[in-house]
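Structural characterization, general
As a plain string of letters, each chain reads:
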Amino acid sequence: MKTWLIGIALLACTASASGESSPRIGSKNFTESIILAEILRLDADQHGLRLEHRHAMGGSAILWKALLEGDIDAYPEYTGTLRRELLHDLPENAGDDALADALRTLGIGIGAPLGFDDSYALGVRQELADSLGLRTLSDLQAQPGLRYGLSNEFMNRGDGWPGLKQAYGYAPSPLRAMDHVLAYRALASGAVDVIDLYTTDAEIVRDHIAVLDDDRHYFPSYQAVWLYRLDAAQRDPRFAASLRDMAAKVPLQAMRNMNAAVLLDKRAETEVAASFLGIAGMMPIEDGLWSRLWRHTLEHLRLVGISLGAAVLLGLPIGILAARARRAGQVLLGITAVLQTIPSLAMFVFLIPLLGIGARPAIAALFLYSLLPIMRNTVTGLASIPAPLLEAAAALGLPHRVRLLRIELPLAVRAIVGGVGTAAVINVGTATLGALIGAGGYGEPILTGIRLGSVPTILEGAIPAAALALLVLALFEGIERLLTPRGLRLPARK
Amino acid sequence: MAGTPLRRPRGTPLFSLEKVSKHYAGTDAGVVALNQVSLRFEPGTVTALIGTSGSGKSTLLRMLIGLDRPDGGRVLVGGKPLLPDEHLALRRRVGYVTQDGGLFPHLTARDNLALLPRHLGWNPERIDARARELAARMQLPPELLRRYPAELSGGQRQRVAVMRALMSSPDALLLDEPLGALDPVVRFDLQEQLRQVFATYANTVVLVTHDLAEAAFLASRLVLIHDGSVVQDGTPEDFMARPADDFVRRFTGAQRRLPQA
């Protein structure tokens, strides 16, 4: 449910490149999901099973797809999300058994509830709850004078405030719509008395908020559970045991505290998960800044290098063909121009079913984005060769291949190198988005920083990314100078 | 195959045109470039195609090596119709020089000369020896061969262009306004050198120019083309003494008046 609060995501695989056969687990792009996955990973580690954790791969849709495709073997999900967003065919009143059955037909198993429910709730200041004796939502009926500060979404959803008011028969009360984060401030400062919240919000701990019990069970249940591939659990009994080990492992209060530790105290998810499991002392030491930077740089260069190399290998010949066959060339350029207009995120999502999660779809997307500038500049470079020179080359009786290599490409080399350089600089920037689908690189700290609201973490990715872009720019200017024949740099003489 | 002349029976012209027509695309029957032109070009003869601009003379020249295709009629090479897959082989045996020289700006003069010979498998020594020989003939200081076209004067560039056309001792030399872009003094010098080259060169030469005096100076046979047709075909003396019609009279007259103006 926090997907609504935090829009964007982060991080790829953990630093360790684990063995080929170890089960892979994923997490959604918010703190709670990452903590849950780290708890499973560390717990399995204690029992000698290595798991590969792909951090913050995206929203529910991406994780669900990745699970179905077998890119990951398990991830933490919420029953409410399953019923409402992922299993559309499930009847509304389907029970837990029907849910499990529906999942089984897809090859997916559902673990026992982890022990907490991340759902909508109403909260009041603890001292107000104490003084008025508020424990449940029903208790609010008798307090018509309380001032409500509700998030816009909650106020407008049919299953939000309007339904809640009816279900509990609340009398009309002073009501203000406000941003969810601001609502916490308003509550703390006493400007409002009741706010809506998610039951695992970190602020509940920080602001000493009493969460009122949904005694009429109005809100749908969003119990945290592990979803896993049945084949993976069958293949590896230790993996199945680790998943079973998670049953009722995480009480609501513990989850709140852990969210607070990460979001408010800025501690790392892994560290928080380790403390929870009581193995904090056995934790491997975190990477230092420089080794992180080095790893991100290598990952980033890999994304950019492979995609750019492939785009040159394909874009150059296609550009040459397109320059020769104008009509076909226009069509090809049109296609790549359309590809260019696809937003990166959409492109990644299209590519996930084909290539899975991680570096491969990111490289494929960057490759597609690189094609246009390389092809277009190749076509432009070749097309701008003066016709008399082309004719002179033809009149010499040299075959096409020799003309292309000895005359046409050298004359077009400036434009071509310029196109590759443009593609490279764009790639360096776009590659940061690869972190959204677990491709790593400089985008990893940027997205982590956004998620945690930590500017230094954002800069850890943003500064090297900008520096790399400048470096690439300079590099290609140098290459252009190196490859441009001297005769083309001379001013013409009368 | 380098150095082997095109096989042709004795007495057969290298190039001949049979009722060749050409219309410019997009103008249906509009502009006629060439209208049923028949011509033969004999070995050992320097022929000048003359006429006003747009008369179709350049088109005719380009057809000889397949750079342009006739809409009607046939181009015969060595007595046989020119097939598209023979274009490359033919062009290697024919030197072609255009008004702007067509030198490749990214290559030095020497590398421009070496393009075709290298492809024909010549070793560098042979290429350089031939380049020095031609430089002497065209009165070009050999050290200039190390320069790029942008570092050469217009006259030097045209000399290199002629040298490039002559590198592999071609069976024919085709020149399309080779001196058209040069100033009068340079042009005067180069006309002299071209005449000497043509004199020592026993093969077919076809020259396109709009300058009657230049044509008469360089060629033994003039062909005047007007509105796509051959108006007169003969020696320079024929043109002066027996102009075929009023247009020839006006053409020769216009040229003769120029020096007096």
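Residues numbered from 1 in each chain as written. Chains lettered and ligands numbered in written order. Predicted model: local features only at pLDDT ≥ 70, side-chain atom pairs only at ≥ 80, totals over all residues. Heavy atoms only, no water.

1. Some details on the overall build of chain A
Assigned secondary structure in chain A consists of 22 helices and 10 strands. Taken over 494 residues, chain A has a buried fraction of 54%. The contacts of chain A with a sequence gap of at least 6 include a subset with a gap of at least 24, amounting to 77%. Surface summary for chain A: the accessible area is close to 21,700 Å², and the carbon and sulfur share equals 60%. (Helix = DSSP H or I, 4+ residues; strand = E, 2+ residues; numbered from the N terminus. Buried < 20%, exposed > 50% of the residue type's maximum accessible area, 1.4 Å probe, protein only. Contact = heavy atoms within 4.5 Å. Areas by Shrake-Rupley, 256 points an atom, 1.4 Å probe, with all protein chains shown as cover.)

2. Concerning the confidence of the model for chain A
Any region with low pLDDT has predicted coordinates that should not be read closely. All names here are of chain A. Per-chain confidence: chain A averages 86 in pLDDT, with 94% of residues scoring 70 or above. Confidence scores differ between elements of chain A, with helix H6 (residues 152-156) showing the lowest mean pLDDT of 79 and strand S10 (residues 224-229) the highest of 96. Counting contacts from residues 1-20, a segment whose pLDDT is below 50, to residues more than four positions away or on other chains yields 69 contacts. (pLDDT = per-residue confidence, 0-100.)

3. Considerations on helix H15 (residues 326-341) of chain A
All names here are of chain A. For H15, built from 16 residues, the straight-helix expectation of 22 Å at 1.5 Å per residue is met to within 8% by its first-to-last C-alpha distance of 22 Å. Restricting attention to buried positions, one finds in H15 the residues Gly329, Leu333 and Thr336. Buried positions in H15, seen along its axis, are confined to an arc of 65° and lie on one side of it. Away from the buried face of H15 by more than 90 degrees, exposed residues Arg327, Gln330, Val338 and Thr341 are located. Close packing links the buried residues of H15 with helix H14 (289-324) and helix H17 (359-383). (Expected span 1.5 Å × (residues − 1). Arc of directions from axis to C-beta.)

4. A short note on the sheet that holds strand S1 (residues 15-23) of chain B
Residue and element names in this part refer to chain B. With antiparallel pairing, 4 strands are arranged side by side in an open sheet as S2-S1-S4-S5. Strand pairing shows two members of the sheet lacking a second neighbour, strand S2 (32-41) and strand S5 (80-81), which therefore form its edges. As judged from the 6 bridges shared by S1 and S2, these two strands associate in the antiparallel manner. In the strand pairing of S2, serine 16 is matched with arginine 40. Where helix H1 (residues 57-64) meets the sheet, its contacts fall on S1, S2 and strand S4 (72-77), and the angle it forms with S2 comes to roughly 55°. (Pairing = 2+ DSSP bridges. Axes fitted to C-alpha atoms, helices over the stretch in contact; angles between N-to-C directions.)

5. Comments concerning the pattern of salt bridges
Between side chains of opposite charge, a pair can form when the charged atoms approach closely. Tallying each qualifying case throughout the model produces 34 salt bridges over all chains. A salt bridge links Asp193(A) to Arg147(A), with the nearest nitrogen and oxygen atoms 2.9 Å apart. One end of the pair, Asp193(A), is in the loop between helix H8 (180-189) and strand S8 (194-198); the other, Arg147(A), is in the loop between helix H5 (126-132) and strand S6 (148-151), with 46 residues separating them in the sequence. We classify Asp193(A) as buried; its relative accessible area is 7%. Arg221(B) is the salt-bridge partner of Asp233(B), the closest N and O atoms lying 2.9 Å from each other. Taken as a pair, Asp233(B) in strand S10 (residues 229-234) and Arg221(B) in strand S9 (residues 221-226) lie far apart in primary sequence, 12 residues in all. A relative accessible area of 37% means that Asp233(B) is categorised as partly exposed. (Salt bridge = Lys/Arg side-chain N within 4 Å of Asp/Glu carboxyl O.)

6. Examining the interface of chain A and chain B
Taken together, the contacts link 26 residues of chain A with 28 residues of chain B. Summing the contributions of chain A and of chain B, the shared interface buries around 2,300 Å²; its carbon and sulfur component is 62%. Applying the counting rule to chain A against chain B returns 2 salt bridges. Arg486(A) is the partner of Glu151(B) in a salt bridge, and the nearest nitrogen-oxygen pair spans 3.4 Å. Connecting chain A to chain B are 5 residue pairs in polar contact (both at pLDDT 80 or more). Among the elements of the structure, helix H18 (387-395), helix H19 (400-430) and helix H22 (486-489) of chain A are those that each provide at least two residues to the side of chain A that touches chain B. (Buried area = accessible area lost by both parts, 1.4 Å probe. Polar contact = N/O pair within 3.5 Å; in protein donor to acceptor, adjacent residues only side chain to side chain.)

7. Some remarks on the side chain of Ser33(A)
Of note, Ser33(A) is situated in helix H1 (residues 31-46). A relative accessible area of 1% means that Ser33(A) is categorised as buried.

8. Brief notes about empty space enclosed by the protein
Enumeration over the complete set of coordinates arrives at 2 cavities of 30 Å³ or more. Approximately 130 Å³ is the volume attributed to the largest cavity. Elements with a minimum of two residues in the lining of the largest cavity: H18 of chain A together with helix H2 (87-92), strand S6 (94-97) and helix H5 (154-166) of chain B. The biggest single contributor to the lining of the largest cavity is S6(B), with 4 residues. In terms of residue class, the lining of the largest cavity is made up of 9 nonpolar, 4 polar and 3 charged. (1 Å grid on protein atoms, 1.4 Å probe; cavity = no way out; pocket = protein on both sides within 12 Å on 5 of 7 lines; lining within 4 Å. Points joined across faces, edges and corners; volume = space filled by probe spheres on them. Nonpolar A, V, L, I, M, F, W, Y, C, P; charged D, E, K, R; others polar.)

9. So, the pairing of strand S7 (residues 172-176) of chain B
Successive side chains on a regular strand alternate, one facing one side of the sheet and the next facing the other. Residues and elements named next belong to chain B. Within S7, 5 of the 5 residues are buried, which leaves it mostly tucked inside the rest of the structure. Burial along S7 is two-sided: the residues Ala172, Leu174 and Asp176 and Leu173 and Leu175 are all buried. Both S6 and S7 contribute to a ladder of 4 bridges, which runs parallel. The partner of valine 94 across the bridge, within S7, is alanine 172. Of the strand pairs in this sheet, S7 and strand S8 (residues 204-208) are connected by 5 bridges, and their pairing is parallel. The partner of aspartate 176 across the bridge, within S8, is valine 208.

10. A few points about the packing of aromatic side chains
Under the counting rule described, the total for this entry stands at 10 aromatic pairs over all chains. Geometrically, the ring pair formed by Tyr120(A) and Phe219(A) is tilted, given 6.1 Å between the ring centres and 40° between the ring planes. Here the residue Tyr120(A) occupies a position in strand S5 (residues 120-125), and Phe219(A) occupies one in the loop between strand S9 (209-211) and S10, the gap between them amounting to 99 residues. Classification of Tyr120(A) as buried rests on a relative accessible area of 8%. Each ring, one from Phe247(B) and one from Phe251(B), has its centre 6.1 Å from the other, and the planes form 35°; the classification is tilted. With a gap of 4 residues between them, Phe247(B) and Phe251(B) both fall in helix H9 (residues 246-257), about one helical turn apart. Taken individually, Phe247(B) and Phe251(B) each receive the classification buried, so the pair is uniform in this respect. Linked through ring pairs, Tyr120(A), Phe154(A), Tyr198(A), Tyr218(A) and Phe219(A) together constitute an aromatic cluster. Over the aromatic face of Trp122(B) sits the side chain of Arg126(B), whose NZ or CZ is 3.8 Å from the ring centroid. (Phe/Tyr/Trp six-rings, centres within 6.5 Å; stacked < 30°, edge-to-face > 60°. Lys NZ or Arg CZ within 6 Å of the ring centre and 35° of its normal.)

11. What about the packing of H1(A) against helix H12 (residues 252-263) of chain A?
Residues and elements named next belong to chain A. Across the interface, H1 lies against H12 with an axial gap of 10 Å and an inter-helix angle of 110°. Between H1 and H12, the angle falls in the class roughly perpendicular. Each of Thr31, Glu32, Ile35, Leu36 and Ile39 in H1 lies in contact with H12, whose residues at this interface are Met255, Met258, Asn259, Val262 and Leu263. Tallied by class, the residues present in the contact of H1 with H12 amount to 7 nonpolar, 2 polar and 1 charged. (Parallel < 35°, antiparallel > 145°, perpendicular 65-115°, else oblique.)

12. Considerations on helix H16 (residues 344-355) of chain A
When the terminal C-alpha atoms of H16(A) are compared, their 15 Å separation across 12 residues agrees well with the 16 Å that a helix rising 1.5 Å per residue should span. Positioned one or two residues after H16(A), Gly356(A) has a phi angle of 80°, which is positive.

13. A word on a nonpolar patch on the surface
Taken together, Val331(A), Leu332(A) and Ile335(A) make up a surface patch of nonpolar side chains, about 240 Å² in accessible area. In this fold, Val331(A) is placed in helix H15. (Patch = residues over 30% accessible without salt bridge, like charges linked within 9 Å, V, L, I, M, F, W, Y side chains within 5 Å.)

14. Describing the sheet that holds S10(B)
Residue and element names in this part refer to chain B. The mixed open sheet is built from 6 strands, whose spatial order is S6-S7-S8-S3-S9-S10. Where the open sheet ends on each side, the last strands, each with one partner, are S6 and S10. The average angle at which neighbouring strand axes cross in this sheet is 15°, direction not considered.

15. Observations concerning unusual backbone geometry
Residue and element names in this part refer to chain B. We note that glutamine 36 has phi near 50°; this positive angle belongs to a residue other than glycine. On the secondary structure map, glutamine 36 appears in strand S2. Look at serine 169: it is not a glycine, yet its phi comes out positive at around 45°. Note on placement: serine 169 falls in the loop between H5 and S7. Given the relative accessible area of 41%, serine 169 is considered partly exposed.

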